[in-house]
Amino acid sequence: MRTLTEWLAFIERQHPKTIALGLERVSAVLERMRVELGCPVITVGGTNGKGSCCALLEAMLRAGGYRTGLYTSPHLVRYSERVRVAGLEASDSALCESFEAVEAARGEVALTYFEYGTLAALWLFAQQKIEVAILEVGLGGRLDAVNVADADCAVLTSIGIDHVDYLGTDRESIGREKAGIFRAGRPAVIAEPQPPQSVLAAPGEKLLLGKHFGYTDEKTQWTYWGPGGKRGGLAHPALRGAVQLRNAAAAMCALDCLREQLPLGMQDIRRGLAEVVLPARFQVLPGRPQLILDVAHNPQAAQVLADNLAAGSFAPETIAVCGMLRDKDAAGVLRALAPRITRWHLASLEGPRAATADDLAKHVHGAVECFASPASAFAAALSRANENDKIVVFGSFLTVGEVMEWLKNNKTSKR
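Worth saying up front: this structure is predicted, and the values here are computed from it rather than measured.

Each regular strand shows side chains that alternate between the opposite faces of the sheet. The buried count for strand 10 (residues 222-226) comes to 4 of 5 residues, which makes it a mostly enclosed element. Sheet topology places strand 9 (residues 214-217) next to strand 10; 4 bridges connect them, and they run antiparallel. Counterpart to Asp217 in the pairing with strand 10 is Trp222. In this antiparallel pair of consecutive strands, strand 9 and strand 10, the connection spans 4 residues, and Lys219 shows a positive phi of 70 degrees. Pairing between strand 10 and strand 11 (residues 229-234): 4 bridges, direction antiparallel. Within strand 11, the position partnered with Tyr224 by the bridge is Arg231. Hairpin connection between strand 10 and strand 11: a loop of 2 residues separates the two successive antiparallel strands.

Turning next to the packing of aromatic side chains. Tallied over the full model, the rule gives 8 aromatic pairs. Note on Tyr79 and Tyr113: the rings are 6.0 Å apart at their centroids and 85 degrees apart in plane angle, and the pair reads as edge-to-face. Residue Tyr79 is located in the loop between strand 2 (68-71) and strand 3 (83-85), and its partner Tyr113 is located in helix 5 (residues 113-127); the two are separated by 34 residues in the primary sequence. An aromatic cluster is built from Trp7, Phe10, Tyr79, Phe99, Tyr113 and Tyr116, whose rings are joined through pairwise contacts. One Lys or Arg, Arg2, reaches over the ring of Trp7 and ends 4.6 Å from the middle of that ring. For the cation-ring pair, Arg2 lies above Phe10, with the distance from its terminal atom to the ring centre recorded as 4.1 Å.

The rules behind these values
Residues numbered from 1 in each chain as written. Predicted model: local features only at pLDDT ≥ 70, side-chain atom pairs only at ≥ 80, totals over all residues. Heavy atoms only, no water. Buried < 20%, exposed > 50% of the residue type's maximum accessible area, 1.4 Å probe, protein only. Helix = DSSP H or I, 4+ residues; strand = E, 2+ residues; numbered from the N terminus. Pairing = 2+ DSSP bridges. Phe/Tyr/Trp six-rings, centres within 6.5 Å; stacked < 30°, edge-to-face > 60°. Lys NZ or Arg CZ within 6 Å of the ring centre and 35° of its normal.

Structure, rendered in structure tokens:
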């Protein structure tokens, strides 16, 4: 009997590539596992906003009393963050049992870490008899393992330039891959304000932001309109940032599309908006100096982070703690945030895809220090910052996750 740690180490070794897109392997093993979810499936793709949209869907559906299954990636601190049933992270024993089920079925098929985890999550959801599955695409859409499940409703949150080695270098190519989660004759909610032609030409009953659904920000509250009608006087979502209204509208439109299978009352929508929680999306932690955690790791997300910082209160100094992966557009990310940062604490990450602090330093000017890890970069920022300053941690799930662990283990710090 393997522990969860042992299982994760095992599945990491089962395929020579970290990322290997394609549905053949995962489809073959899923068929052997005979997994039947037997409930509506909502699949969420996009460059940014996927995690927020999934969290909003889960919160609203749970407020309506539904037994939800939520699969997201990557995780920040614990693998179990990826698999939630009825709002709770799956236990280590449940995850081990699901990995055992995959291992028993896969035979000689070599699965990637993500494929293994996706099959395990689907098996666990079937065992747990969930009433609705919310699945976040890992990378792209068309060839992502999550796409093995047919979406009753697909949501496309945004299209930016990211993962160019796998998805292409332009929005048309990337849009084509992401629209691969759409299904003919089924609703596809498109929250990207300027969808490329490849998305518009994809199969599915497409609902476009601004045409079939939308929202109006009235500062203290907001109004949504969509297939189910108009709903005004809504409180802003508990997730910070203006972009979250777009994500909330997309989630509400998806629920409108499925209202016959998953009816919800207005009180459920309001409660879900109020109670939604998602770490590290412009998450402002209490205390001084102000600490902001954000997993922004591409130029589009970095611009949203920069806009959120600009809308916030003045700080004499804003210290960036940043570590990134080598296959990301570091120059674009750092350029977007440069006007908001007075000091850079750059960190090297671990692993074959990691960028070094020196790599990142080539793209910034001014006060720059390089560190061996996000934890050491953050500790130095904390010792330097005054109580009216800001520290912004971003660049990768790995960076933010390590700082979250540091904070958990150093509760006696000056914060």
